[in-house]
Amino acid sequence: MDQILSLAATNLLSPIILCFALGVLAALARSDLSFPEAVAKGMSIYLLFAIGFKGGVSVADHGIDARLALSLLAGIVLSFLLPLIAFALLRGMTGLSRLDAAAVAAHYGSISIVTFVAATSVLESSGIASEGYMVAVAAAMEAPAILSALWLISRGQGDGRRMDPELMREIMLNGSIVLLVGSFVIGGITGADGLARIESFIVSPFQGVLCLFLLDMGLVAGRGLREGGAVLRPGPLVFGVIMPVVGSAFGLAAGLLLGLSTGGVALMMVLSASASYIAVPAAMRVALPEANPSIYLTLSLGVTFPFNLTLGIPLYVAVASFATGG
Amino acid sequence: MQTHKAKRVEITIEAIMQSRLTDALTKAGVTGYTILPVFGGSGRSGQWSRSGQVSRASGMVCVVCMIRPDRLDGLLDAAFEVVERHIGVVSVVDCEVLRAERF
């Protein structure tokens, strides 16, 4: 137990998590600290490319096996399943309407790639290895949750018109997925030789860029919490903290069933615990425009994202280490 | 200088709906439009600012087009199909243009 707490405390005091906390505090204190939009976009492109590329190189080193396919399948199943659990919890413990509950639920089946990147960085700093193909699992978990939420609504209203082909195309080909999967494939094709050529660009500066990016995300999350906090009642707020823990338990079970490494189990927990705030909100605005965006954005970005970054990741890494004996 | 009467239609809508709106306008025969960024605002859905958004999809844009008055109804019908269920504002004002054949 002491070991778990010590690991959690070390992760909690890492530069990336402290940078995020600084951003949240600055936003809550109404500081004028801000990043130019283009800089934030550039940093997110860099991080997605780096994490995808390194994941591909790792797969090239270790080869493709059945566990990769099963992990992808598990990720897809979790993404379909978690919104149903989130929906049941929301309907049971909050006063949200069916529509708002379905929209919120979709966010909790999908993933936050920033949380995933931060978790990967924490694992690397702690010297805990993970499967490189978890990047592909992350990409696979982006979209299924949206279909689950739309199914929940169509089941209740007999309305099957919500998902149009254009929306499906936008979800499947959103910039983050294309860049993540594309760089993963490039990393897989070029392998260690490819990494050696661009290592000075994508390995050494990674932690520093991630610190600045999370400082910006902290500012965004803090502003979201400040502006949207008033719309949240205690029920949804509690849900925003409970659901990631529930999701991580499913991720833990899946990771252990698949026989993943300590890092792999931790990442599966992180993916299952995280909530989307980029792809899913956009999809919900198109498919369920009547749902209140203040509720689902504040919950995923203002409550669950900070929870996962500050307390969740250290907790998931510690639990995964304990469960796998790593 | 000779000027011609026209209508200036300004539609402020969620950025995620931009391409759907411009596609509908093009189908309705609109020959041109201008898209402007929106930095923030306040309305029925609460306050928001561009700096508080994670991605462009969460923001708003303003689509401006000028057309001949006799084509206004077709444009508004097409625009309404897209914006009906969404956050946004549609306004129409009278204006004058120099080269009527372009609208």
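Relevant structure appears above.
Notes on the structure in this doc start here. (Residues numbered from 1 in each chain as written. Chains lettered and ligands numbered in written order. Predicted model: local features only at pLDDT ≥ 70, side-chain atom pairs only at ≥ 80, totals over all residues. Heavy atoms only, no water.)

A few words now on the overall build of chain B. Helices and strands together make up the secondary structure of chain B, namely two helices and six strands. The N-to-C order of helical and strand elements in chain B reads β-α-β-β-β-β-α-β. C-alpha extents for chain B along the principal axes are approximately 45 × 30 × 20 Å. Split into buried and exposed, the 103 residues of chain B put 40% on the buried side. A fraction of 81% describes how many contacts in chain B between residues 6 or more apart in sequence connect residues 24 or more apart. Here chain B displays about 6100 Å² of accessible surface, and carbon together with sulfur accounts for 51% of that area. Distance from the positive charge centre (13 side chains) to the negative charge centre (11 side chains) of chain B: 6 Å. (Helix = DSSP H or I, 4+ residues; strand = E, 2+ residues; numbered from the N terminus. Buried < 20%, exposed > 50% of the residue type's maximum accessible area, 1.4 Å probe, protein only. Contact = heavy atoms within 4.5 Å. Areas by Shrake-Rupley, 256 points an atom, 1.4 Å probe, with all protein chains shown as cover. Lys, Arg positive; Asp, Glu negative; His and termini not counted. Charge placed at Lys NZ, Arg CZ, Asp CG, Glu CD.)

Once that is clear, we can look at the interface of chain A and chain B. Listed by partner, the interface residues are 21 residues for chain A and 19 residues for chain B. Of the roughly 1500 Å² buried at the junction of chain A and chain B (both faces included), carbon and sulfur atoms supply 50%. The interface formed by chain A and chain B includes two salt bridges. Between Arg285(A) and Glu14(B) there is a salt bridge whose closest N-O contact spans 2.2 Å. Summed over the shared surface of chain A and chain B, the number is three residue pairs in polar contact (both at pLDDT 80 or more). Looking at the side of chain A that touches chain B, the elements with two or more residues in it are helix H9 (165–172), helix H11 (206–228), helix H14 (279–287) and helix H15 (293–324) of chain A. (Buried area = accessible area lost by both parts, 1.4 Å probe. Salt bridge = Lys/Arg side-chain N within 4 Å of Asp/Glu carboxyl O. Polar contact = N/O pair within 3.5 Å; in protein donor to acceptor, adjacent residues only side chain to side chain.)

The subject of this paragraph is helix H4 (residues 66–93) of chain A. With 28 residues, H4(A) ought to run about 40 Å at 1.5 Å a step, and its terminal C-alpha atoms sit 40 Å apart, in line with that. Here H4(A) has its buried residues at Leu68(A), Ser71(A), Ala74(A), Gly75(A), Leu78(A), Ser79(A), Leu82(A), Pro83(A), Ile85(A), Ala86(A), Phe87(A) and Leu90(A). (Expected span 1.5 Å × (residues − 1).)

Attention now moves to a nonpolar patch on the surface. Residues and elements named next belong to chain A. A surface patch of nonpolar side chains, about 610 Å² in accessible area, is lined by Leu 70, Leu 73, Val 77, Leu 81, Leu 84, Trp 151 and Phe 250. With five residues, the single largest contributor to the nonpolar patch is H4. Along the chain, Val 77 turns up in helix H4. The partly exposed category is assigned to Val 77, whose relative accessible area is 46%. (Patch = residues over 30% accessible without salt bridge, like charges linked within 9 Å, V, L, I, M, F, W, Y side chains within 5 Å.)

Turning our attention to the packing of H4(A) against helix H5 (residues 98–109) of chain A. Residues and elements named next belong to chain A. As a packed pair, H4 and H5 sit with axes 8 Å apart at the nearest point and diverge in direction by 140°. As far as their axial angle goes, H5 and H4 are oblique. Regarding H4 and H5, the two cross each other, and that crossing is right-handed. Note on element contacts: H5 touches H4 through Arg 98, Ala 101, Ala 102, Val 104, Ala 105, Ala 106, Tyr 108 and Gly 109, opposite Ser 79, Leu 82, Pro 83, Ala 86, Phe 87, Leu 90 and Arg 91. (Axes fitted to C-alpha atoms, helices over the stretch in contact; angles between N-to-C directions. Parallel < 35°, antiparallel > 145°, perpendicular 65-115°, else oblique. Left-handed = near helix turned anticlockwise from the far one by under 90°.)

Time to look at the side chain of Ser110(A). Here Ser110(A) is to be found in the loop between H5 and helix H6 (113–125). Once you skip the residues sitting within four places of it in the chain, Ser110(A) turns out to touch Ser79(A), Met141(A), Glu142(A), Ala145(A), Leu271(A), Ser274(A), Ala275(A), Ser276(A) and Val280(A).

Here the focus is the packing of aromatic side chains. All names here are of chain A. Evaluation of the coordinates by the stated rule reveals six aromatic pairs over all chains. Taking the centre distance of 5.7 Å and the plane angle of 35° together, the rings of Phe 49 and Phe 53 count as tilted. Here the residue Phe 49 and the residue Phe 53 both occupy positions in helix H3 (residues 37–62), the gap between them amounting to four residues, near one helical turn. Under the relative-accessibility criterion, Phe 49 is labelled partly exposed at 24%. Exposure remark for Phe 53: the relative accessible area of 3% places this residue in the buried category. Taken together, a centroid distance of 5.0 Å and an interplanar angle of 75° make the contact between Tyr 108 and Phe 239 edge-to-face. One end of the pair, Tyr 108, is in helix H5; the other, Phe 239, is in helix H12 (residues 234–258), and 131 residues separate them in sequence. (Phe/Tyr/Trp six-rings, centres within 6.5 Å; stacked < 30°, edge-to-face > 60°.)

Under the defined criterion, the tally for this structure stands at two cavities of 30 Å³ or more. Here the largest cavity is characterised by a volume of approximately 80 Å³. Ile111(A), Ser112(A), Ile113(A), Glu142(A), Asn174(A), Ser176(A), Ser276(A), Tyr277(A), Ile278(A) and Ala279(A) together form the lining of the largest cavity. Per-class residue counts for the lining of the largest cavity are five nonpolar, four polar and one charged. Estimates place the volume of the second largest cavity at around 30 Å³. In terms of lining residues, the second largest cavity is bounded by Ala28(B), Gly29(B), Val30(B), Ile67(B), Arg71(B) and Leu75(B). (1 Å grid on protein atoms, 1.4 Å probe; cavity = no way out; pocket = protein on both sides within 12 Å on 5 of 7 lines; lining within 4 Å. Points joined across faces, edges and corners; volume = space filled by probe spheres on them. Nonpolar A, V, L, I, M, F, W, Y, C, P; charged D, E, K, R; others polar.)

Treat this as a map of the structure, not an account of what it does.
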